[in-house]
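Summary of structural features
Listed below are the residues making up each chain.
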Amino acid sequence: MTPADTGASTVVDAAPAAPAVPDSTGSTDSRMTPGGPGYRRMSFALFLAGVATFALLYSTQALLPLISGDLGVTASDASWTVAAATGGLALFVLPMSALSERFGRRTVMTASLAVAVTVGLLVPFAPSLPALVALRAVQGAALAGLPASATAYLAEEVRPRALVTAIGLFVAGNSVGGMSGRVITGWVAQEWGWRVAVGVVGLVAVACAVAFRLLLPAPRHFTPGSLRPRVLVRTVRDHLANPLLRRLYAIGALFMTVFGGVYTVIGYRLTEAPFSLPQGLIGSIFLVYLVGTVSASTAGRLVGRLGRRGALYLGAGTTAAGLLLSLAPSLPLVLLGLVLITAGFFAGHAVASSAVGKTAQHGRAQASALYQSAYYVGSSAGSTVGAVAFHSGGWAGTVGVGVLAVLGVVVITVSGSLAARRAAGTPVRALSLPR
């Protein structure tokens, strides 16, 4: 198979791939498909990897008010415990993707989880905010081996028609991890403090990491090779020169700017009047992540009905509606707003990330790594800017940042529609929803 068939990068000196073996349907494509051998194990393993990744990455987010009080720091200072982790991931995801080309997707994902869970067990003992931020940065850098390697693994091992659904399940695992980590920490912290809470998340992540390694099938379509920095740079340059990939990277970053800002600040808003909720209930607010699990896992059907750009418009519109609704001084309306924000974000993210794998004709690990890097830069920016906006303008300031980011998604998607029309030689009269 060629790199375009398997998703293997041109960064490697590829050896000939093993010939395809006909499956029970007579097809010569031996990659996994829903209902086929190994697909359920693979899906569940990567689901657990997604759970561990998001549970660890955002383990301090729901606890920021408690961390502020315990360490005597402001909301914007405490937000660095989130921004450092996502920033570390953004910086290291590209180098980790290059390592996965040499040592294999499963090997890099396993090593990344092992380091991340080890650091997670050290986080509760951080004596100060600088030490806590440093540990979180290391943890984020370790987790960088998961996202790009996972999407590259799926692009190589799963048939193209099932790719959006498979990536949607991985993203659904992210949503479950984000939800469970925040709910667990909320209730545990209410009784025993934030340090015990992040320790419990670390133990849950250990269990997920062990199960992941035991369940994930060995790759059958990966071709290892030597690392060649010059070719890696050329591959990255090629991806950044692709207008569609650039738009997808920007869309991922902007969606995550909204999400990172909202969920970094929401705990502070709900501890204040008129809500004044206890920490346990604030943690339970993150049960709305279940909506993200559903919207991410159904992203493939959305694309089938509306096309990629139509699904992105729907995700952006849903997110914007949630942001505006969350301004109401009513807890039920705030919760409904969070539901809409979460649904729109996870649908948009699943659509954009799967489109990257389909668009890249070579170096898919690097293409996915660049998406993940942009995505987590957006998370860091959203966490920091959202907290600063909240400090200066309250919740309305955070919502304003989110609305601007959503408008950016719409503008980029519209420009993609216009570019597609021009490339096809079609007169630009109205904005339809091409696929």
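Just so we're clear, the structure is a prediction, and the values are computed from it rather than from any experiment. (Residues numbered from 1 in each chain as written. Predicted model: local features only at pLDDT ≥ 70, side-chain atom pairs only at ≥ 80, totals over all residues. Heavy atoms only, no water.)

**Considering empty space enclosed by the protein**
A probe as big as a water molecule, rolled over the atoms, marks out the empty space that is left. How we decide: Using a 1 Å grid laid over the protein atoms alone, points where a 1.4 Å probe fits but cannot get out form a cavity; open sets with protein on both sides within 12 Å along at least 5 of 7 lines form a pocket; any residue with an atom within 4 Å of a point counts as lining. Grid points are joined across faces, edges and corners, and a volume is the space filled by probe spheres set on the points. Segments assigned H or I by DSSP are reported as helices when at least four residues long, segments assigned E as strands when at least two residues long, and all are numbered from the N terminus. Residue type decides the class: Asp, Glu, Lys and Arg count as charged, Ala, Val, Leu, Ile, Met, Phe, Trp, Tyr, Cys and Pro as nonpolar, and the leftover types, Gly among them, as polar.
Taken as a whole, this structure holds four cavities of 30 Å³ or more when the rule is applied. Space inside the largest cavity adds up to approximately 80 Å³. Of all the secondary-structure elements, those providing two or more residues to the lining of the largest cavity are helix 2 (39-57), helix 8 (147-157), helix 9 (163-192), helix 16 (331-359) and helix 17 (364-424). Each residue belonging to the lining of the largest cavity can be placed in one class, and the counts come to seven nonpolar, six polar and no charged. One number sums up the size of the second largest cavity: a volume of about 70 Å³. Forming the boundary of the second largest cavity are Leu244, Arg247, Leu248, Ile251, Arg308, Arg309, Leu312, Thr413 and Gly416. Sorting the residues of the lining of the second largest cavity by element identifies helix 12 (243-271), helix 15 (299-325) and helix 17 as the ones contributing at least two each. Ranked by residues supplied to the lining of the second largest cavity, first place goes to helix 12 with four residues. The residue makeup of the lining of the second largest cavity, split by class, is four nonpolar, two polar and three charged.

**Observations regarding helix 15**
Basically, it comes down to this: For a helix, the expected span equals 1.5 Å multiplied by the residue count minus one. One axis is fitted to the seven residues ending at the residue and one to the seven starting there. The bend at that residue is the angle between these axes.
With 27 residues, helix 15 extends only 24 Å from end C-alpha to end C-alpha; this falls clearly short of the ideal 39 Å at 1.5 Å per step. For helix 15, the principal kink sits at Leu306 and spans about 110°.

**Quick notes on the confidence of the model for the protein**
Rules: For every residue, the predictor assigns a confidence score, pLDDT, that lies between 0 and 100. Residue contacts are counted whenever heavy atoms from the two residues lie within 4.5 Å of one another.
In the predicted model, the protein carries a mean pLDDT of 83, and 89% of its residues have values of at least 70. For the protein, per-element mean pLDDT is lowest for helix 1 (residues 3-6), which scores 32, and highest for helix 7 (residues 129-143), which scores 95. Confidence over residues 1-26 falls short of pLDDT 50; this stretch has 55 contacts with residues more than four positions distant or in other chains. Taken together, the stretch residues 430-435 has pLDDT below 50 and engages in 18 contacts with residues farther than four places along the chain or on a different chain.

**A word on the packing of helix 2 against helix 10 (residues 194-215)**
The condition is simple: To obtain an axis, a line is fitted to C-alpha atoms, over the contacting stretch when the element is a helix, and the angle between two such axes runs from 0 to 180 degrees between their N-to-C directions. Angles are sorted into four bins: roughly parallel if under 35 degrees, roughly antiparallel if over 145, roughly perpendicular if 65 to 115, and oblique for all others. Definitions for this section: a left-handed crossing has its near helix turned counterclockwise from the far helix by less than a right angle. A right-handed crossing has that turn clockwise.
Here helix 2 crosses helix 10 at 155°, and the two axes come no closer than 8 Å. As far as their axial angle goes, helix 10 and helix 2 are roughly antiparallel. In the packing of helix 2 onto helix 10, the handedness of the crossing is left-handed. Contacts between helix 2 and helix 10 pair Arg41, Phe44, Ala45, Leu46, Leu48, Ala49, Val51, Ala52, Ala55 and Leu56 from the former with Val201, Gly202, Ala205, Cys208, Ala211, Phe212, Leu214 and Leu215 from the latter. When its residues are assigned to classes, the contact of helix 2 with helix 10 shows 16 nonpolar, one polar and one charged.

**Some thoughts on the packing of aromatic side chains**
What counts, and what does not: Ring pairs are drawn from Phe, Tyr and Trp, using the six-membered ring of Trp, whenever the two centres fall within 6.5 Å, and their geometry is named by plane angle: stacked under 30 degrees, edge-to-face over 60, tilted for the rest. Burial status follows relative accessibility: with a 1.4 Å probe on protein chains alone, a residue under 20% of its type maximum counts as buried, one over 50% as exposed, and anything between as partly exposed.
Under the counting rule described, the total for this entry stands at ten aromatic pairs. The interplanar angle of 75° and the centroid separation of 5.4 Å between the aromatic rings of Phe259 and Phe346 together place this pair among those described as edge-to-face. Of this pair, Phe259 sits in helix 12 while Phe346 sits in helix 16, and the two are 87 residues apart along the sequence. Under the relative-accessibility criterion, Phe259 is labelled buried at 3%. Taken together, a centroid distance of 4.8 Å and an interplanar angle of 70° make the contact between Phe345 and Phe346 edge-to-face. Exposure class is identical for Phe345 and Phe346. Each is buried.

**Observations regarding the packing of helix 11 (residues 229-240) against helix 17**
Interhelical geometry of helix 11 versus helix 17 gives an angle of 60° and a closest axis separation of 10 Å. Compared by their axis directions, helix 11 and helix 17 come out oblique. Pair helix 11 / helix 17 crosses with right-handed handedness. Touching Leu232, Thr235, Val236, His239 and Leu240 of helix 11 are Gln366, Ala367 and Leu370, all from helix 17.

**Structural notes on the pattern of salt bridges**
What counts, and what does not: Each salt bridge in this description consists of a side-chain nitrogen of Lys or Arg and a carboxyl oxygen of Asp or Glu lying within 4 Å of one another.
For the structure shown, the criterion picks out two salt bridges. When the shortest N-O distance is used, the salt bridge between Arg195 and Asp70 registers 3.8 Å. With Arg195 in helix 10 and Asp70 in helix 3 (residues 64-71), this residue pair connects regions lying 125 residues apart in the sequence. Judged by relative accessible area, Asp70 falls into the partly exposed class, the value being 44%. The shortest N-O distance in the salt bridge between Glu156 and Arg105 comes to 2.3 Å. Remark: Arg105 occurs in helix 6 (residues 105-122) and Glu156 occurs in helix 8; sequence separation between them is 51 residues.

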